[in-house]
Structures are given as C-alpha cells and as structure tokens.
2 protein chains.
Amino acid sequence: MGITRKTKAVKKLLSLFEPTVSAILAVDLIAQLKEEMNKTTVYRILDRLENEGVIHSFSGSNGLKWYAKCTGCSSDKHNDIHPHFQCTSCKKVTCLPVEIKIPTVKNYTIENAAVFLVGKCSECSS
Amino acid sequence: MGITRKTKAVKKLLSLFEPTVSAILAVDLIAQLKEEMNKTTVYRILDRLENEGVIHSFSGSNGLKWYAKCTGCSSDKHNDIHPHFQCTSCKKVTCLPVEIKIPTVKNYTIENAAVFLVGKCSECSS
DNA sequence: AAGCTTAATGCAACTTTGTTGCGGTAAAAT
DNA sequence: ATTTTACCGCAACAAAGTTGCATTAAGCTT
Ligand SMILES: [Mn+2]
Ligand SMILES: [Mn+2]
Ligand SMILES: [Zn+2]
Ligand SMILES: [Zn+2]
C-alpha cells in the first residue's frame, strides 16, 4: 500500500531518532526542524513512519504526543506494548524493555494497555 | 487556602458526576453546559474541584482530558492510583477499583504510574 | 540524460482544546 | 443592608494539530 519515498525530509527526520534511545516530542521535532521543513510535513512523515512500523507514538501525562523507534515492528503489526517512563528531573522519556502485566478485572475484557511511569532515572538519582 | 463557594455553577457541575460512575470528558462537559455557563468557568471549576480532592483527572489515549469522582481524597492527598478503562464499543471510560502493580525496573526509581486500558466492557460483550 | 508521473511538500487558513486579563456579578461575612 | 472578594462572562489569545490546494521533486520510463 503506502509507497514511501526516501526523501531528504524523511532521511533527516529518521536521523534524529538514530543517535538516541529516548522518545521525542512531536512539538520538539517541529521546533528543531523549523528552518528545514514545514510542520505539516513533519506531522505527515511521522504518520507514515508509524504506519510502516518504523516508529510508534504515545501521549504523555499532559496529552502531548511522543514518538520513539520501534524494534521489530512492521506495517502489519505493532508490538510496542511496553511502559514509557519520564524522569521528573531531566524530563527525558524512554521506552522500558519490560513486559506489561495486563491485569485481570471482572466484567472487563482488556485488549490493550498504555502505561506511563514517572520517577527518576539513574543519571538523575545522585 | 482555596475557599470554594457552592455556587449554582459548582452545584450543577457536581450534579453531572453524581448519577454515573463513568468518567466525563472536559470537552463534553463544556458542550453540555454551553447554554448555562462559559467554558472558562467549566475549566476553572474542574481545576478547583480537583485541587479539593473531589474529582481527579487523567488523559485518554488521544490526549483528551477526563474527569471522574474521587473516593476518599482530600485537598491534601489524592489517592486515585487506579487504572482507567475505555470500552472500544460504547467509548465509556471508567475507574477500575484495582490496585496498580508498579513494576520494578533496574536503573529507574518509579514514583507514579498512569495506566490506561482498552477493551470491551461487560455490557458490550454480547 | 531528458521527460513523465504522482508522491511529497509548502503555505495559508482552519479547528480544537485550553488559558489569561479584566471588568462586572453575586455569595457570604459583617 | 452594606461590604468584601470569590466567582463568572467575555473577548482575545495560545498551542497542537489538520486540511485543501497549488507547486516541487523523487524515481520511473523512455
Ligand atoms: Mn516505546
Ligand atoms: Mn479514576
Ligand atoms: Zn533523568
Ligand atoms: Zn462498552
């Protein structure tokens, strides 16, 4: 389906996810790329990359949208069911390589879980 | 500190939380009360009630703000650390009276957890 | 290499959610 | 009844994200 051309813009955007293991705020990407591309373009590329299983998104406590690299996802199937963690000191958000234990609750059939954790990362706990 | 007057607006707003156990979208409250009060007033009352421990808030998967009744909270201390559940059929969001098992992750000190579950409620599972 | 097709981009205008400043209103204390 | 000030309405604003449309350029085809 979605044919994606590897344009300059796409390469540039992907390069920003490369060096880090942290998630990135959509809004920050737009600010950082202001001189190079339009915010509409940023949003559209993020959408495409998510549909292709290259990145995944989630909302933080304040409702802002975060994006992070996927590991082993495809356009067919996203398997990013892991918790996300934000450090209250450095504000960084990271994907935690831990499995979520989905609780069993009577009268509810739970199919999916989004877990957002808050605390202190190791670098800020000194 | 925050002295809250029991005005007509406050009573009206509280009455909407009374008959249901479900959470309510801030945006829906504003739409529903459009004829009776200004949206600024709605937001301000919601803020106050949350500070007083009468209601608590959380964000849904799309970043929209939900509010629900508290049980046993005060202005001093909120203890609404429970998961929230949204049914994919009826779209209703409810507080689940279940304790969250906060995971232990190496290198991270976790202080708080927001869990948003998605699935089917019992009324929609037929 | 030049031409062609159409996915991708830029831009402006718009939508939605939420906030702020300020003048006026009304709850409640005196 | 009068006074005090918390509360409210309104208008203007702000931030995040979306949409329509004309233009550009990626990457085939020849
Ligand atoms: Mn992740
Ligand atoms: Mn709740
Ligand atoms: Zn940190
Ligand atoms: Zn349902």
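Check the entry above for the structure.
Rules used throughout
Within each chain, residue numbers correspond to sequence positions counted from 1 in written order. Written order determines the labels here, with chains lettered from A and ligands numbered from 1. This being a predicted model, a pLDDT of at least 70 is required before a residue's local features are given, and a value of 80 or more before pairs of side-chain atoms are given or counted; all residues contribute to the totals for chains, interfaces and linings. By convention in this description, side-chain values take in all heavy atoms of the structure and omit both hydrogens and water. Here the axes come from fitting lines to C-alpha atoms, over the contacting stretch only for helices, and the angles between their N-to-C directions go from 0 to 180 degrees. A run of DSSP states H or I qualifies as a helix once it reaches four residues; a run of E qualifies as a strand once it reaches two. Both are numbered from the N-terminal end. Orientation labels follow simple angle bins: below 35 degrees gives roughly parallel, above 145 gives roughly antiparallel, 65 to 115 gives roughly perpendicular, and whatever is left gives oblique. The contact rule is simple, with two residues in contact once any of their heavy atoms fall within 4.5 Å. Residues are grouped as follows: nonpolar covers Ala, Val, Leu, Ile, Met, Phe, Trp, Tyr, Cys and Pro; charged covers Asp, Glu, Lys and Arg; every other residue, Gly included, is treated as polar. Throughout, the accessible surface (probe 1.4 Å) given up by two parts as they are put together, summed over both, is called the buried area. One speaks of a salt bridge when a side-chain nitrogen belonging to Lys or Arg is within 4 Å of a carboxyl oxygen belonging to Asp or Glu. Whenever two N or O atoms come within 3.5 Å, that pair is a polar contact, provided that in protein one can donate a hydrogen and the other can accept it, and provided that, for residues adjacent in sequence, both atoms are side-chain atoms. Definition of nonpolar core: a set of buried residues of the types Ala, Val, Leu, Ile, Met, Phe, Trp, Tyr and Cys, connected through side-chain atoms within 4.5 Å. When accessible area is computed with a 1.4 Å probe and restricted to protein chains, residues below 20% of their type maximum are described as buried, those above 50% as exposed, and intermediate ones as partly exposed. Any two strands are treated as partners once DSSP identifies two or more bridges connecting them. In this comparison the copies share one frame, found by least squares on the C-alpha atoms of residues holding pLDDT of at least 70 in both. Coordinating donors are taken as N, O and S atoms within 2.8 Å of the metal, stretched to 3.2 Å for Na, K and Ca; because water is absent from the atoms, sites can appear incomplete.

Topic: the packing of helix α1 (residues 8–17) of chain B against helix α3 (residues 39–51) of chain B
Residues and elements named next belong to chain B.
Right, so step 1: At a minimum axis distance of 10 Å, the contact between α1 and α3 shows a crossing angle of 70°. Taken together, the axes of α1 and α3 are roughly perpendicular relative to one another. Listed contacts from α3 to Ala 9, Val 10, Leu 13, Leu 14 and Phe 17 of α1 are Thr 41, Val 42, Ile 45, Leu 46 and Leu 49.
Right, so step 2: Across the contact of α1 with α3, the residue classes tally to nine nonpolar, one polar and no charged.

Focus on the interface of chain A and chain B
Right, so step 1: Every contact between the two is made by 30 residues of chain A and, on the other side, 30 residues of chain B.
Right, so step 2: The largest share of the area that chain A buries against chain B comes from Lys 101, Tyr 108 and Leu 117 of chain A, three residues that together contribute 20% of it.
Right, so step 3: There are zero salt bridges connecting chain A and chain B.
Right, so step 4: At the boundary of chain A with chain B, the tally comes to 14 residue pairs in polar contact (both at pLDDT 80 or more).

A short note on the nonpolar core
Right, so step 1: If you look at the biggest cluster of nonpolar residues, it comprises 20 residues, and the most contacted ones within it are Phe 85 and Leu 117 of chain A together with Phe 85 and Leu 117 of chain B.
Right, so step 2: Of all the elements in the fold, those that place two or more residues in this core are β4 (84–87) and β6 (108–121) of chain A together with β4 (84–87) and β6 (108–121) of chain B.
Right, so step 3: When neighbours within four sequence positions are excluded, Leu 117 of chain A is seen to be in contact with Pro 83, His 84, Phe 85, Gln 86 and Leu 96 of chain A together with Pro 103, Ile 110, Asn 112 and Ala 113 of chain B.

Looking at the sheet that holds strand β3 (residues 65–69) of chain A
Residue and element names in this part refer to chain A.
Right, so step 1: Overall, antiparallel pairing links the three strands, which are arranged β1-β3-β2 in an open sheet. Each having just a single partner strand, β1 (24–25) and β2 (55–59) make up the two edges of the open sheet.
Right, so step 2: In terms of strand pairing, β1 meets β3 through two bridges, oriented antiparallel. By the bridge assignment for β3, Ile 24 is matched with Tyr 67.
Right, so step 3: Its contacts with the sheet put helix α1 (residues 8–17) on β1, β2 and β3, and the angle it makes with β3 is roughly 85°.
Right, so step 4: The strands touched by helix α3 (residues 39–51) within the sheet are β2 and β3, with β2 carrying the most contacts at an inclination of about 110°.

A few points about the relation of the copies chain A and chain B
Right, so step 1: If you rotate chain A by 180° and push it 0.0 Å along the axis, it lands on chain B with an RMSD of 0.1 Å. Here the copies are linked by what is in effect a two-fold axis. When C-alpha distances to the rotation axis are compared across chain A, the minimum falls at Gly 63 of chain A, with a value of 1.9 Å.
Right, so step 2: Both copies present the same face, since 100% of the interface residues in chain A are matched by interface residues at the equivalent positions in chain B.

Here we look at the side chain of Thr 94 of chain A
Right, so step 1: Within the fold, Thr 94 of chain A resides in strand β5 (residues 93–95).
Right, so step 2: The class of Thr 94 of chain A is buried, set by a relative accessible area of 11%.
Right, so step 3: Among the polar contacts made by the side chain of Thr 94 of chain A, one reaches the side chain of Tyr 108 of chain B at a distance of 3.5 Å.
Right, so step 4: Aside from chain neighbours lying at most four places away, what touches Thr 94 of chain A is Ser 22, Pro 83, His 84 and Phe 85 of chain A together with Tyr 108 of chain B.

Structural notes on the coordination of the manganese ion (ligand 2)
Residue and element names in this part refer to chain B.
Right, so step 1: Each protein donor to the manganese ion (ligand 2) is listed here as His 56 (NE2), His 82 (NE2), His 84 (NE2) and Cys 95 (SG); together their distances run 2.0 to 2.3 Å.
Right, so step 2: Between the donor residues of the manganese ion (ligand 2), the gaps in sequence give the motif H-x25-H-x1-H-x10-C. Note that His 56 is positioned in strand β2 (residues 55–59) and Cys 95 in strand β5 (residues 93–95), a separation of 39 residues in sequence.
Right, so step 3: Classification of His 56 by relative accessible area gives buried; the value is 4%.
Right, so step 4: Residue Cys 95 is classed as partly exposed on the basis of its relative accessible area, which comes to 22%.

Describing the pattern of salt bridges
Residues and elements named next belong to chain A.
Right, so step 1: As enumerated under the stated definition, the model contains two salt bridges over all chains in all.
Right, so step 2: Measuring nitrogen to oxygen at the nearest pair gives 3.4 Å for the salt bridge that ties Lys 12 to Glu 36. Placement of Lys 12 in helix α1 and of Glu 36 in the loop between α2 (26–32) and α3 is noted, with a sequence separation of 24 residues between them.

Focus: the pairing of β2 of chain B
All names here are of chain B.
Right, so step 1: Note: β2 against strand β3 (residues 65–69), five bridges, orientation antiparallel. Along β3, the bridge assignment pairs Ser 57 with Tyr 67.
Right, so step 2: A loop of five residues connects β2 with β3, the two strands running antiparallel in sequence, and Gly 63 in this loop sits at a positive phi of about 95°.

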